[in-house]
Amino acid sequence: MVVGAFPMAKLFYLGIRQVSKPLANRIKEAARRSEFFKTYICLPPAQLYHWVEMRTKMRIMGFRGTAIKPLNEDAAAELGAELLGEATIFIVGGGCLVLEYWRQQTQQRHKEEERQAAWNALQDEVGRLALALETLQAQAQAAPSLSALEELRAELQEVRAQVCNTHAAPKCHAASCKK
């Protein structure tokens, strides 16, 4: 099942990525056209990204304390639009992962509830069978044992023999033979 699910998950992820790319491109276009979007949404993250990137590169190369010039407005708007587009793709992909995780957890919880219900049903059945066994054991103990029945038969034959001796022998002999 996992082998079949993996390619489907990968295909689903690629499909979501392909769907989110046009959405990211539309957001980029809106960022380039709208002055408010450009000024307040695209430029600050782009300038921050540029500052962190340049500062890191300068420290790696051994330059410390050098001032970093901000990007010009057009380059910052372009970088901000790209960052926003990539963030959109990342958020959509992350949302898909969260939804898949939630779905898997729900399925796992459902399977666990089914297992627990089956376990409880088995325990109830075992309890019912234990009660039935106790009842049968009590009935078996209450019933006369086989040796007691044999003793009763022997006594019955003795009584018949005594009765037959006192009464007519042919009648009793015929009755005891029918038995």
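Everything discussed here concerns the structure shown above.
Keep in mind it's a predicted model, so treat the numbers as computed, not measured.

### With respect to the overall build of the protein chain
Here's step 1: Of regular secondary structure, the protein chain possesses five helices and zero strands.
Here's step 2: Looking at the 179 residues of the protein chain, the share that counts as buried comes to 11%.
Here's step 3: Sequence separation of 24 or more characterises 66% of the internal contacts of the protein chain that already satisfy a separation of 6 or more.
Here's step 4: Accessible area for the protein chain stands at about 14,600 Å²; split by element, carbon and sulfur atoms hold 66% of it.

### Let's talk about the pattern of salt bridges
Here's step 1: The final tally for this structure, using the stated rule, is six salt bridges.
Here's step 2: The residue Arg 103 makes a salt bridge to Glu 100 at a minimum N-O spacing of 2.6 Å. Linking Arg 103 with Glu 100, this pair stays in helix 3 (residues 73-142), spanning three residues, or about one helical turn.
Here's step 3: For Glu 100, a relative accessible area of 33% gives the class partly exposed.

### Points about the packing of aromatic side chains
Here's step 1: One pass over the structure, following the stated rule, counts one aromatic pair.
Here's step 2: Ring geometry for Phe 36 and Tyr 40: centres 5.1 Å apart, planes at 45°, overall tilted. Residue Phe 36 and its partner Tyr 40 are both found in helix 2 (residues 35-61); the two are separated by four residues, about one turn of the helix. By the burial criterion, Phe 36 is exposed, and Tyr 40 matches it.

### What to know about helix 2
Here's step 1: For helix 2, built from 27 residues, the straight-helix expectation of 39 Å at 1.5 Å per residue is met to within 8% by its first-to-last C-alpha distance of 37 Å.
Here's step 2: In helix 2, a bend of some 40° at Cys 42 exceeds every other bend along the element, and Pro 44, a proline, comes one to four places later.
Here's step 3: Along helix 2, the residues classified as buried are Lys 38, Cys 42, Leu 43, Ala 46 and His 50.
Here's step 4: Of the residues flanking the end of helix 2, it is Gly 62, one or two places downstream, whose phi is positive at about 100°.

### Topic: the side chain of Thr 88
Here's step 1: With respect to the helices, strands and loops of the structure, Thr 88 is situated in helix 3.
Here's step 2: Among the residues examined, Thr 88 registers a relative accessible area of 12% and is labelled buried.
Here's step 3: Engagement of the side chain of Thr 88 in a polar contact is seen with the backbone oxygen of Leu 84, the distance being 2.8 Å.

### So, the packing of helix 2 against helix 3
Here's step 1: The interhelical angle for the contact between helix 2 and helix 3, taken along N-to-C directions, is 85°, at an axis separation of 7 Å. In this view, helix 2 runs roughly perpendicular relative to helix 3, as classed from their interaxial angle. Facing Glu 35, Phe 37, Lys 38, Ile 41, Cys 42, Leu 43, Pro 45, Ala 46, Gln 47 and Tyr 49 of helix 2, the residues of helix 3 in contact are Glu 73, Ala 76, Ala 77, Leu 79, Gly 80, Ala 81, Leu 83 and Leu 84.
Here's step 2: Classifying every residue of the contact of helix 2 with helix 3 gives 13 nonpolar, two polar and three charged.

### Digging into a nonpolar patch on the surface
Here's step 1: A cluster of nonpolar side chains, namely Phe 36, Tyr 40 and Ile 41, defines an oily patch on the protein surface of about 350 Å² accessible area.
Here's step 2: Following the sequence through the fold, Ile 41 ends up in helix 2.
Here's step 3: Judged by relative accessible area, which is 33%, Ile 41 ranks as partly exposed.

Calculation rules
Residues numbered from 1 in each chain as written. Predicted model: local features only at pLDDT ≥ 70, side-chain atom pairs only at ≥ 80, totals over all residues. Heavy atoms only, no water. Helix = DSSP H or I, 4+ residues; strand = E, 2+ residues; numbered from the N terminus. Buried < 20%, exposed > 50% of the residue type's maximum accessible area, 1.4 Å probe, protein only. Contact = heavy atoms within 4.5 Å. Areas by Shrake-Rupley, 256 points an atom, 1.4 Å probe, with all protein chains shown as cover. Salt bridge = Lys/Arg side-chain N within 4 Å of Asp/Glu carboxyl O. Phe/Tyr/Trp six-rings, centres within 6.5 Å; stacked < 30°, edge-to-face > 60°. Expected span 1.5 Å × (residues − 1). Bend = angle between axes of the 7 residues up to and from the residue. Polar contact = N/O pair within 3.5 Å; in protein donor to acceptor, adjacent residues only side chain to side chain. Axes fitted to C-alpha atoms, helices over the stretch in contact; angles between N-to-C directions. Parallel < 35°, antiparallel > 145°, perpendicular 65-115°, else oblique. Nonpolar A, V, L, I, M, F, W, Y, C, P; charged D, E, K, R; others polar. Patch = residues over 30% accessible without salt bridge, like charges linked within 9 Å, V, L, I, M, F, W, Y side chains within 5 Å.

Just distances and angles here, no functional claims.
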